[in-house]
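# Summary of the model geometry
Listed here are the chains, written in short residue letters.
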Amino acid sequence: MTDRQPLVAANWKMNGARASVAALLGGLRQGLLENGAEVLVCPAFIHIPLAAELLAGSSIGLGAQTLAEYGNGAYTGEISAAMLNDYGCRYVIIGHSERRHILGETDATVARKFRQAQEHGLQVILCLGERLEEREAGITEQVLSEQLDAVINVAGTDCFHGAVIAYEPVWAIGTGRTATPEQAQAAHSFIRLQVARHDDCVAAALRIVYGGSVKADNAAALFAMADVDGGLIGGASLNIDDFLAICRVAR
């Protein structure tokens, strides 16, 4: 048994408009009530002020989808950790596969972003995951270890106090494919063991959530695994009924 509180985080990606954000958050506040799991929404940067306003007084957390690897300064188009703090963000997603593989973020970039978030008191959801060709080549654990070590080498193992890791197999994001519960458990267990090599206590308390086409009909089987502590939800988080169903499973 574990006392790790389940986390269900909505990653809305580059989706939404003022009306749809208001409708989703209104439905979420009305439908959650007493849930038992921690629930978090990560809208696009431009919708963070609106979300902060609509979530005021609720237990639903607010996060961002990324941040700059620098502090405030001459970095046109970037958003700093200090700016996220200013709007009440408690969490930030770092290293999402779309940032790594579409927008070219390296392990070193991810590590610098992690340190920026840590220095400004933001709780990080660090995304790790392998591509299909890497899984088929049998190097999943090597990829996860390299991605994890890049952060530990820069920020230390203590950086995972209060942080979250999201295992997101790249081959299961937006494809409709999902890792089996057993595949997810194997990856989560490996990640926890890697952290435990540095600090057993940090590893035991670390929440590791699964991200990769989680839906209302597969969430229960995934969340039942011993080392799966919730989910980072993409497409299903844009449908209020589906997202609420996943939140209820997590509790």
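Now for a look at the structure at hand. This is a predicted model, so every value here is computed, not measured.

## Topic: the environment of Ala68
When you line up the elements, Ala68 lands in the loop between strand S3 (61-64) and helix H3 (81-86). Assessed through its relative accessible area of 3%, Ala68 is described here as buried. Residues Ala68 and Gln118 lie 50 residues apart in sequence; the distance between their C-alpha atoms is 13 Å. Not counting residues up to four positions away in its chain, the partners in contact with Ala68 are Glu78, Ile79, Lys113 and Gln116.

## Section: the nonpolar core
Membership of the largest hydrophobic core comes to 67 residues, with the highest contact counts inside it found for Val41, Val92, Phe114, Leu126, Leu148, Phe160 and Tyr210. Excluding residues within four positions of it along the chain, Val92 makes contact with Ala64, Thr66, Leu67, Leu84, Ala117, Leu122, Gln123, Val124 and Ile125.

## Examining the pairing of strand S6 (residues 164-167)
Alternating positions in S6 separate into two faces, Val164 and Ala166 on one and Ile165 and Tyr167 on the other, with burial throughout. Bridge count for S6 against strand S7 (residues 207-210) is four bridges, and the pairing is parallel. Directly across from Tyr167, in S7, lies its bridge partner Tyr210.

Reading guide: rules and limits
Throughout, residues of each chain are indexed from 1 in the direction in which the sequence is written. Per-residue local features are limited, in this predicted model, to residues with pLDDT of at least 70; the limit for side-chain atom pairs, both in listing and counting, is 80 or more; totals at the level of whole chains, interfaces and linings are taken over all residues. The side-chain figures draw on all heavy atoms in the structure; neither hydrogens nor water molecules are used. In DSSP terms, a helix is any run of H or I states spanning at least four residues, a strand is any run of E spanning at least two, and both are numbered starting from the N terminus. Relative accessibility decides the category of a residue: with a 1.4 Å probe and only protein chains considered, values under 20% of the type maximum give buried, values over 50% give exposed, and everything between is partly exposed. Any two residues whose heavy atoms approach within 4.5 Å at even a single point are treated as in contact. For this analysis, a nonpolar core means a set of buried residues of the types Ala, Val, Leu, Ile, Met, Phe, Trp, Tyr and Cys, connected via side-chain atoms within 4.5 Å. In short, DSSP must find at least two bridges between two strands for them to pair.

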